Amino acid sequence: MLESLRQSILAAQNAWSGCCWDTQFGTCEVNLNGLTSQQASLAAKALRGEEAACWNLAAVWLEQVETDARKASDFAEQAFSRASVGDRETAIALLEHAIKLAARYPVVTGYKDCMLQLPAATEHADH
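This is a predicted model, so every value here is computed, not measured. (Residues numbered from 1 in each chain as written. Predicted model: local features only at pLDDT ≥ 70, side-chain atom pairs only at ≥ 80, totals over all residues. Heavy atoms only, no water.)

Enquirer: Please provide a residue-by-residue account of the packing of helix α1 (residues 2-15) against helix α3 (residues 49-84), values included.
Expert: Where α1 meets α3, the axes come as close as 10 Å, and the angle between the chain directions of the two elements is 175°. With respect to each other, α1 and α3 are oriented roughly antiparallel. Seen from α1, the contacting residues are L2, L5, R6, I9 and Q13; seen from α3, they are S73, A76, E77, F80, A83 and S84. Residues that form the contact of α1 with α3 fall into these classes: 6 nonpolar, 3 polar and 2 charged. (Axes fitted to C-alpha atoms, helices over the stretch in contact; angles between N-to-C directions. Helix = DSSP H or I, 4+ residues; strand = E, 2+ residues; numbered from the N terminus. Parallel < 35°, antiparallel > 145°, perpendicular 65-115°, else oblique. Contact = heavy atoms within 4.5 Å. Nonpolar A, V, L, I, M, F, W, Y, C, P; charged D, E, K, R; others polar.)

Written as structure tokens, this is what we have:
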């Protein structure tokens, strides 16, 4: 049961590390799907004027998305650790943090699916 939770968490983490949906970002309406904040920063440096400003804003926004994805992943890791010792309450709270972070974006992460795995996983964990 714990292995099922582990696999669900890994799938959720792999599903979201940055912008993985179509966008029409900023005044330039750029699609940031699949781009990183570093790539947007490089684009900004290569351009001038309004386009550079748009890409700078995109870089800032992408960095926030990436940060939230990392935080959600960390919360899920911590949830797994707590679940593995039978601490269901803390594991639920940690997964709820991951779910809330993902809910800010139009991304399907699977962290909600992890929540469904928790009861069985913590039921058989060492106390």
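Enquirer: I'd like a description of the pattern of salt bridges, backed by residues and values.
Expert: Inspection of every chain in the model, using the stated rule, returns 4 salt bridges. A salt bridge links D87 to R82; the nearest nitrogen and oxygen atoms lie 3.1 Å apart. With relative accessibility at 33%, the residue R82 sits in the partly exposed group. (Salt bridge = Lys/Arg side-chain N within 4 Å of Asp/Glu carboxyl O. Buried < 20%, exposed > 50% of the residue type's maximum accessible area, 1.4 Å probe, protein only.)

Enquirer: Mind laying out the packing of aromatic side chains, listing which residues take part and the relevant values?
Expert: If you walk through the whole model with that rule in mind, you get 5 aromatic pairs. Between W16 and Y105, the ring centres sit 5.7 Å apart and the planes meet at 50°, which makes this aromatic pair tilted. Of this pair, W16 sits in the loop between α1 and α2 (37-46) while Y105 sits in the loop between α4 (88-103) and α5 (111-123); the two residues are 89 residues apart in sequence, bridging distant segments of the chain. Judged on exposure class, the residue W16 and its partner Y105 are both buried. Ring centres 6.1 Å apart and planes at 90° place the aromatic pair W21 and W61 in the edge-to-face group. Note that W21 is positioned in the loop between α1 and α2 and W61 in helix α3, a separation of 40 residues in sequence. (Phe/Tyr/Trp six-rings, centres within 6.5 Å; stacked < 30°, edge-to-face > 60°.)

Enquirer: Outline the nonpolar core, listing residues and values.
Expert: In terms of nonpolar packing, the biggest core is built from 36 residues, with L5, W16, L32, L95 and Y111 touching the most fellow members. Listed by contribution, the elements that provide at least two residues to this core are α1, α2, α3, α4 and α5. A per-element tally of this core places α3 first, with 11 residues. The contact partners of L32, leaving out residues within four places of it in the chain, are C19, T23, F25, W55, A58, W61 and L62. (Core = buried A, V, L, I, M, F, W, Y, C linked by side-chain atoms within 4.5 Å.)

All we've got here are geometric facts, nothing functional implied.
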